[in-house]
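These are the residues of each chain, in order.
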Amino acid sequence: VAVTDHANCHVLPELFSCCAKTKKDNPENYVKPIAGVEGYFINDDAYLINLTDHDIPLENATFVVFDFETSGFSVRFNEIIEIGAVKIKNGIKVDEFSTFVCPSRRISQVITNVTEITNDDLANAPTIEEVLPAFAEFIEGSILVAHNALFDMGHLYYQLKKYGLYKH
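Criteria and cut-off values
Residues numbered from 1 in each chain as written. Predicted model: local features only at pLDDT ≥ 70, side-chain atom pairs only at ≥ 80, totals over all residues. Heavy atoms only, no water. Helix = DSSP H or I, 4+ residues; strand = E, 2+ residues; numbered from the N terminus. Core = buried A, V, L, I, M, F, W, Y, C linked by side-chain atoms within 4.5 Å. Buried < 20%, exposed > 50% of the residue type's maximum accessible area, 1.4 Å probe, protein only. Pairing = 2+ DSSP bridges. Axes fitted to C-alpha atoms, helices over the stretch in contact; angles between N-to-C directions.

Chemist: An account of unusual backbone geometry is requested, with residue identities and associated values reported.
Modeler: Positioned with a positive phi, Asn90 is a non-glycine residue whose angle comes to about 55°. Here Asn90 is to be found in the loop between β6 (80-89) and β7 (92-100). Positioned with a positive phi, Glu116 is a non-glycine residue whose angle comes to about 65°. Relative to the elements of secondary structure, Glu116 occurs in the loop between α2 (109-115) and α3 (119-122).

Chemist: Can you tell me about the nonpolar core, naming the residues and giving the values?
Modeler: In this structure, Phe66, Ile83, Phe135 and Leu156 are the most contacted members of the largest nonpolar core, which totals 19 residues. Secondary structure elements with two or more residues in this core: β5 (62-70), β6, α4 (128-139) and α5 (149-162). Within the second largest apolar cluster, five residues are counted, among which are Ile81, Ile107, Ile117 and Leu122.

Chemist: Outline the sheet that holds strand β8 (residues 143-145), supporting the account with residue identities and numerical values.
Modeler: Read across the sheet, four strands follow the order β7-β6-β5-β8 without closing on themselves; strand pairing throughout is mixed. The strands lining the two open edges of the sheet, one partner per strand, are β7 and β8. Going from strand to strand, the sheet's axes swing by 20° on average, the running direction of each strand aside. Strand direction decides the pairing type here: β5 and β8, joined by three bridges, are parallel. Pairing of Phe63 across the sheet is with Ile143, part of β8.

As far as function goes, none of this settles anything; it's purely spatial.
In structure tokens:
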């Protein structure tokens, strides 16, 4: 079975789990998963990005590659529970940002199974109100890069707007 997710990979863990069960039940004749990804090509040789009213060639830009873990899929009803990011300049890691984030309510066992983050991990972590200003400062002026960008950027923009930290 081959599956290609469009702009995310939410179905893949469930696909691999189901296929593993078929192999366990019938090792001679089982469903083999094939994961696909939909990619986009951008000719970045001539691509310039506008930062602070200056055109900056991508090779001179600063990138922040980041990932969020959340308490669920909804931007409005779920929360960021972990932020991990690295800052890249001229192809070299120059800084990093990593923290758990204490949510307003306990996370479910399903989320713990997916993320391997427990309620105990989050108990003494700072809140999003404490973390977000530091993360906003960390990413300022950088090009943001994420594997599941629509998901992570949705959570980021929602939180930045919610706490008055969004800058155009």
